[in-house]
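Fold and geometry: a report
Below are the chains, spelled out letter by letter.
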Amino acid sequence: MRIEKNVGERRGREYSDSKKNRRRQRMVSPVQRLYETCKEVFANCGPGVVPSAEKIERLKAVLDTMAEADVGLRPNMPYFKSTTYDRSPPKITYLHLHECDKFSIGIFCLPPSAVIPLHDHPGMTVFSKLLFGEMHIKSYDWVHNLPAEPTPIVNPLANGLGNSTGLRLAKVKMNSEFRAPCKTSILYPADGGNMHCFTARTACAVLDVLGPPYCDPEGRHCQYYYDFPFANISVPEEQKGDYAWLKEREKPEDLTVVGALYKGPKMVK
């Protein structure tokens, strides 16, 4: 019967389409999947707007599975070798994958001992995935409500603080060593360690997703900080290591970050 034939034809097409979709999912590169997921996750976001918990988990799940081979990197590439012959910090290389007004994707390539100094991410949600190597991460959040009285009193001569103008109290969020493979780190506009510092223990690569990206005209400037030992606040002695004084500084003169062409799997935009 003709009706039965139409039903058979329709089921045949549905089965064929289903096979094509499964085949496409297998063929989509991890970096393409990352780009498409970022488009969906940050579509309705902006400065200070955090994606939903479900969307954060979706993007984290994509990043958690990624490694250096997925972006065309190898630990023996020139990016990861220190070329300085004095005491200057090693040069850091940044590979730009994508940037729009909603999000950016890039990779920091660090030789051993390279440091990305303490800096902030105003109004941003940031995903950082260590692709390979070992790294120390220290991060802070601002203290808005002190855990104990009295209000802190700064001694300008204590612990080398010098002029106390501009000092602000911060609480340590993370102070840990990471070795790939490991889970993705996430920070938020107001918590999660919005100000962080990376120190490479070995050659390593960090895949960064920022939503939204830095933008000076819109007030999202990358601000660097000094951090000073904690002093002169009334908290239990065992908690003193949980706090520090932060002070704004100019971009460090010895910080060298150079851009390089990304040569890994392409993203179709």
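Residues numbered from 1 in each chain as written. Predicted model: local features only at pLDDT ≥ 70, side-chain atom pairs only at ≥ 80, totals over all residues. Heavy atoms only, no water.

An unreviewed UniProt entry annotates the protein as cysteine dioxygenase originating from Datura stramonium. Its UniProt record, at the heading Catalytic activity (unreviewed entry), says of the protein: "L-cysteine + O2 = 3-sulfino-L-alanine + H(+)". Quoted verbatim from the Cofactor (unreviewed entry) field of the UniProt record, the comment on the protein reads "Fe(2+)". (UniProt positions renumbered as here; feature names shortened; annotations may be inferred.)

1. Points about helix H3 (residues 53-64)
One turn of an α-helix holds 3.6 residues; hence residues three or four places apart share an orientation. In a regular helix each residue adds 1.5 Å, so 12 residues correspond to 16 Å; H3 covers 16 Å between its end C-alpha atoms and thus fits that length. Among all positions of H3, only Ile-56, Leu-59, Lys-60, Val-62, Leu-63 and Asp-64 are buried. On the buried face of H3, the contacting elements are helix H2 (30-41), strand E4 (125-132), strand E7 (185-187) and strand E9 (204-211). (Helix = DSSP H or I, 4+ residues; strand = E, 2+ residues; numbered from the N terminus. Expected span 1.5 Å × (residues − 1). Buried < 20%, exposed > 50% of the residue type's maximum accessible area, 1.4 Å probe, protein only. Contact = heavy atoms within 4.5 Å.)

2. Points about the nonpolar core
With 33 residues, the main nonpolar core has Leu-34, Leu-73 and Ile-107 as its most contacted residues. Those elements that place two or more of their residues in this core are H2, H3, strand E1 (92-99), strand E2 (104-110), E4 and E9. Apart from residues no more than four positions distant in its own chain, Leu-34 is found in contact with Leu-59, Val-62, Leu-63, Met-66, Ile-105, Leu-207 and Val-209. By size, the runner-up hydrophobic cluster in this structure holds 17 residues, among which are Phe-108, Ile-137, Cys-182 and Cys-222. (Core = buried A, V, L, I, M, F, W, Y, C linked by side-chain atoms within 4.5 Å.)

3. Section: the sheet that holds E4
The strand order across the open sheet formed by six strands is E7-E4-E9-E2-E1-E12, and the pairing between neighbours is mixed. The open sheet has two free edges, formed respectively by E7 and strand E12 (257-260), since each of these has just one partner strand. Across the sheet, the mean angle separating the axes of adjacent strands is 25° when strand polarity is ignored. Of the pairings in the sheet, the one linking E1 to E2 comprises six bridges and is antiparallel in character. Its bridge partner lying in E2, Leu-95 is registered against Ile-107. Along the sheet, H3 contacts E4, E7 and E9; its crossing angle with E4, the most-contacted strand, is approximately 15°. (Pairing = 2+ DSSP bridges. Axes fitted to C-alpha atoms, helices over the stretch in contact; angles between N-to-C directions.)

4. Focus on unusual backbone geometry
That bond from Ala-180 to Pro-181 is cis: its omega, 0°, falls within 30 degrees of zero. Residues Gly-211 and Pro-212 are joined by a peptide bond in cis, for which omega reads -5°. Its location among the elements puts Pro-212 in the loop between E9 and strand E10 (224-228). Residue Ser-113 is not a glycine yet carries a positive backbone phi of 75°. Here Ser-113 is to be found in the loop between E2 and strand E3 (115-119).

5. Side note on the packing of aromatic side chains
Applying the stated criterion across every chain yields a total of eight aromatic pairs. Between the aromatic rings of Tyr-226 and Phe-228, the centroid separation amounts to 6.1 Å while the plane-to-plane angle is 35°, which identifies the pairing as tilted. Using a relative accessible area of 16% as the deciding quantity, one classes Phe-228 as buried. Here the aromatic cluster, defined as three or more aromatic residues joined through ring pairs, consists of Tyr-35, Phe-42, Phe-103 and Phe-127. Stacked on the ring of Trp-142, the Lys or Arg Arg-168 has its end atom at 4.1 Å from the ring centre. (Phe/Tyr/Trp six-rings, centres within 6.5 Å; stacked < 30°, edge-to-face > 60°. Lys NZ or Arg CZ within 6 Å of the ring centre and 35° of its normal.)

6. Looking at the pattern of salt bridges
Two side chains of opposite charge can pair, provided their charged atoms sit close to one another. Under the definition given, this model contains five salt bridges. One salt bridge in this structure joins Glu-40 and Arg-58, with 2.2 Å as the shortest N-O distance. Residue Glu-40 is located in helix H2, and its partner Arg-58 is located in helix H3; the two are separated by 18 residues in the primary sequence. (Salt bridge = Lys/Arg side-chain N within 4 Å of Asp/Glu carboxyl O.)

7. Observations concerning the environment of Thr-93
By the secondary structure assignment, Thr-93 is in strand E1. Judged by relative accessible area, which is 5%, Thr-93 ranks as buried. Not counting chain neighbours up to four residues away, the residues in contact with Thr-93 comprise Tyr-79, Ile-107, Phe-108, Cys-109, Val-258 and Ala-260.

8. Remarks on the side chain of Asp-120
Turning to its location among the elements, Asp-120 is positioned in the loop between E3 and E4. With no salt bridge to any partner, buried Asp-120 finds its closest opposite charge in Arg-168, at an N-O distance of 8.1 Å. Among the polar contacts listed, one links the side chain of Asp-120 to the backbone nitrogen of Gln-223, at a separation of 3.0 Å. In this view, Asp-120 contacts Asn-194, Met-195, Tyr-214, His-221, Cys-222, Gln-223 and Tyr-225; residues no more than four positions away in its chain are not counted. (Lys, Arg positive; Asp, Glu negative; His and termini not counted. Polar contact = N/O pair within 3.5 Å; in protein donor to acceptor, adjacent residues only side chain to side chain.)

9. Details of the pairing of strand E6 (residues 168-179)
The two faces of a sheet get side chains in turn, since along a regular strand they alternate between them. Note that strand E5 (residues 134-142) and E6 share nine bridges and pair antiparallel. Residue pairing for E6: His-136 is matched across the bridge by Glu-177. Both E6 and strand E11 (residues 243-249) contribute to a ladder of four bridges, which runs antiparallel. In the sheet register, Ala-170 faces E11, and the bridge partner there is Ala-244.

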